[in-house]
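# Chains, contacts and geometry: an overview
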Amino acid sequence: MISCTFRIFCILLLNVQIVPALNDEVVNILGNNEYMNNFIDNVENNETISQKIANNEQNNVKKNSWFLNVPLLPIVVATSNSIPEGYCKKQLHLYLSHLNNGTLWATEMFDSSAKYPYGILEGLTRHLGIFDQCHRIHTTIPNNENNEEIRGRYCLVDIEYHEKNESANVSEYMDIWFDSHGSAWEAIREKDDVRRYERYRLQMALCTPASCYPDDIVNALTEPLEKFAEQYNLRIKISINEKFCHAAHETPKLSNNTIIFCCIVLLMIILIVISSIYDYINDNKEENQSLRKEILYCFSAQRSLKSIFSINYRHRGFDVLHIFRFAFSTIAAVGHRHIQVLHVSNITARYFEMTTMSNIYTMIFHNGSIIVDAFFGYGGLVLSYQLLDYLEHSSKNFNVFLLILKRFIRLAPLYMFVTFAYAVLFYHLGSGPFWEDRFGFDKDACSTYWWTNLLFISNYYNSRNTCIFQSWYVAVDFHCFVIGIFLILAFRKMSRKIGYIFLSIILMLSIAIPFYETYKYDISPFIEGFGKIRKMEDYRYFTDHYVKTHMRLPAYFVGLIMGAVIYDYKFATWRLSKGWSQFLFILQVVVLSLLIQNLGYYFVDPNVKLNLFLKSLYASIHRPIFSFSMCSVVLLLTIGDGLDFQYNFMTPRWVQPISKLSYAYFLIHFFILSYDVGTARTAFTFTFFNLIRYSVIDSIYTLILSLFLVVLIEEPFKNLGNLLFRGKIATKPIKKSEITKKME
């Protein structure tokens, strides 16, 4: 009964023209009894849905009714005449035959595939089928010669479709909303409007025998779908990314490198446990400790946790950097979650367009990447202040190489630990429709190009295959740090008047670089078109311009100048009045940051015609201006009066420990996001409530993992670095109450 019902279902699909390309041989296979043949005759004597529409719409049927007759991919691939001879074709015929008989494995293979795209106009362009059901298919079919072993292969087929004679002309005013009485193509077709989510590219899950590889499947689908496209005045392009096509038995086993890495982690944990126990037993009992014991104590979890949770207030302005590090790290993680959702999951496109792209006030989301320039500004600010302070008090000869080496030791251990974790471990922790695309890509990139991370050149060398998506920031920060050292050394040898002129000229020259690149190549001033990007590594603006150090220098140089100003204020006796301090705080910190960010809307809206000069000007100044705005918090709290409320609000005791986890948080948070998306079996529903809800969960998991990594890697190697560079000047902590007093 079940088999008969299933055959009736297949015949219904075939005869309402869901699969118009099927031939008589297929019909005979599916309807191999008298009842089925009578049923076919009855259906063929009736008008189909498309024929009725043809009668109603006369000559417009082939143009408008294609969506009623979309081919059924799991049947088309099995009945295609363009399949090359071999195991793939043989097993597809077995699949079709067993599907007709209602055999479980064939029915599971059919059931695992996406059948018909729905919700296209709403932006539901990914139909993921049933991943696990396809992956676990494994059966042996006995025959007279050799038993036929069949396994399932899960693929995501990319189908890009357009009107064949699509007009290149668009109306003078482009809106993201459309006339409900107009053509559906107006909502689908490409219009070079970066505000819109693309609806003309589908991803359809297809489960086939594992003997069929991506090229076989593409060949099988192309000919019948092109015939369908020709019939309905369409252009169709079929493709399969190898990262979206895999079988369970092809998953690599644990390698020796993975086992070695896990053993190293285990040894590190054992060392930390031993060090912590020894430190607890001998706490404050030994005055003159040997170097061997000092090295052992570097791995003590007790000392690491004490360092993390200690609260120190050193400078009224710099104390607020803790909350900004925490806040901007969290915002960056939310932004990356947003990107992950857009790249590898379904969204409700109209909701996305309405909430993030429809007006100037939502540019805080679309142009959110500008917050990275605040980090660069703070980096330059801290470097110039601390370096000037050190040079002022140190009687020793300054060694540039040792300072760079100290910075390297500070960044590299945890950075390389995460790099090797991506290379050998993370890939084996899960599976899913997008797992190969994310973790398979990371495994290959980190295994091959790990040395670019070690040398901090990943943003220049092979940046389209970067190991760790966000690693470009670490490379840029290290480059800026090295450049900043030499600039501050030159600045200190000049008189202050000449020195500030020198730094200002350097800043102007750095601003000219993004202006020149934007004007020469006519590129975007910032990341745009999130709804059209499937993967950031494939976005040329991101890999060729956005991640380059020379494009990010202006924000860092702004921080260098403001750090020098704050340092020189130590020798001043004046302060800003309360009124001016409050006014400038609102103007520089709040108004200026929001204004420069929201101005980006005019470069996203296609109805605003701005020339290339204005685009280049915005590309060159919006990052240093935002950096100036954020660094103004430190400056105004240092030189201004009447900002006690702001200072107390931005220096809660709980934020300092979390801030000390920010580097580990930054390096590991993308793993949490990728794992969630990579293991997802169903599409993610995009709403801001869901975005925040998942982001909170992401933050909790990431903070826990960050604490573990800081205790395991970051703090021990930082302590070892301090031993190596012992003798450097340390600033004595002071009480918070003393900082709130006026600085003389």
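Residues numbered from 1 in each chain as written. Predicted model: local features only at pLDDT ≥ 70, side-chain atom pairs only at ≥ 80, totals over all residues. Heavy atoms only, no water.

Here we come to the overall build of the protein. Across its full length, the protein carries 31 helices and 6 strands. Looking at the protein as a whole, 54% of its 744 residues qualify as buried. By sequence separation, contacts in the protein at least 24 residues apart represent 81% of the contacts at least 6 residues apart. Surface accessibility of the protein: about 34500 Å² in total, with carbon and sulfur atoms responsible for 60%. (Helix = DSSP H or I, 4+ residues; strand = E, 2+ residues; numbered from the N terminus. Buried < 20%, exposed > 50% of the residue type's maximum accessible area, 1.4 Å probe, protein only. Contact = heavy atoms within 4.5 Å. Areas by Shrake-Rupley, 256 points an atom, 1.4 Å probe, with all protein chains shown as cover.)

This next bit is on the side chain of Ser 510. Structurally, the position occupied by Ser 510 is in helix H22 (residues 496-521). On the basis of relative accessibility, which here comes to 3%, the residue Ser 510 falls in the buried class. Of the polar contacts made by the side chain of Ser 510, one reaches the backbone oxygen of Leu 507; its length is 2.6 Å. Among all residues touching Ser 510, those that are not within four sequence positions of it are Leu 553, Pro 554 and Phe 557. (Polar contact = N/O pair within 3.5 Å; in protein donor to acceptor, adjacent residues only side chain to side chain.)

Once that is clear, we can look at H22. Helical geometry: 3.6 residues make up each α-helical turn, so side chains three or four residues apart lie on a common side. Taking 1.5 Å per residue, 26 residues should reach 38 Å; H22 reaches 38 Å between its end C-alpha atoms and fits that length. When H22 is considered as a whole, its buried residues turn out to be Gly 499, Leu 503, Ile 506, Leu 507, Ser 510, Ile 511, Pro 514, Glu 517 and Thr 518. In this structure, the buried residues of H22 make contact with helix H21 (471-492), helix H23 (540-546), helix H24 (549-569) and helix H26 (612-639). A positive backbone phi angle near 50 degrees is found at Asp 522, which sits one or two residues after H22. (Expected span 1.5 Å × (residues − 1).)

As for its placement among the helices and strands, Trp 654 is situated in the loop between helix H27 (644-649) and helix H28 (655-659). Of the residues examined, Trp 654 reaches a relative accessible area of 47% and is grouped as partly exposed.

Turning to the pattern of salt bridges, a few remarks are in order. Where charged atoms from two side chains of opposite charge approach closely, those side chains can pair. Here the structure, examined in full by the defined rule, presents 27 salt bridges. Between Asp 132 and Arg 681 there is a salt bridge, and its shortest N-O distance comes to 2.8 Å. Of the two residues, Asp 132 is situated in helix H9 (residues 131-135) and Arg 681 in the loop between helix H29 (662-678) and helix H30 (688-724); the sequence distance between them amounts to 549 residues. Its relative accessible area of 24% is what places Arg 681 among the partly exposed residues. (Salt bridge = Lys/Arg side-chain N within 4 Å of Asp/Glu carboxyl O.)

Another aspect to go through is the confidence of the model for the protein. When pLDDT is averaged along the protein, the result is 83; 85% of the residues meet or exceed 70. Below pLDDT 50 for its whole length, residues 1-62 participates in 73 contacts with residues either more than four positions away or in separate chains. Segment residues 728-744: pLDDT under 50, and 33 contacts once partners within four positions in sequence are set aside and those in other chains are kept. (pLDDT = per-residue confidence, 0-100.)

The next thing to look at is the packing of aromatic side chains. Inspection of every chain in the model, using the stated rule, returns 46 aromatic pairs. One Lys or Arg, Arg 303, reaches over the ring of Tyr 297 and ends 4.2 Å from the middle of that ring. Across from the ring centre of Tyr 647, 4.9 Å away, lies the NZ or CZ of Arg 316, which sits over that ring. (Phe/Tyr/Trp six-rings, centres within 6.5 Å; stacked < 30°, edge-to-face > 60°. Lys NZ or Arg CZ within 6 Å of the ring centre and 35° of its normal.)

Take the pairing of strand E5 (residues 234-239) next. Side chains of E5 alternate between two faces, with Leu 234, Ile 236 and Ile 238 buried and Arg 235, Lys 237 and Ser 239 left unburied. Taken together, the 6 bridges between strand E3 (residues 148-163) and E5 define a ladder with antiparallel strand orientation. Across the sheet, residue Glu 163 finds its bridge partner in E5, namely Leu 234. (Pairing = 2+ DSSP bridges.)

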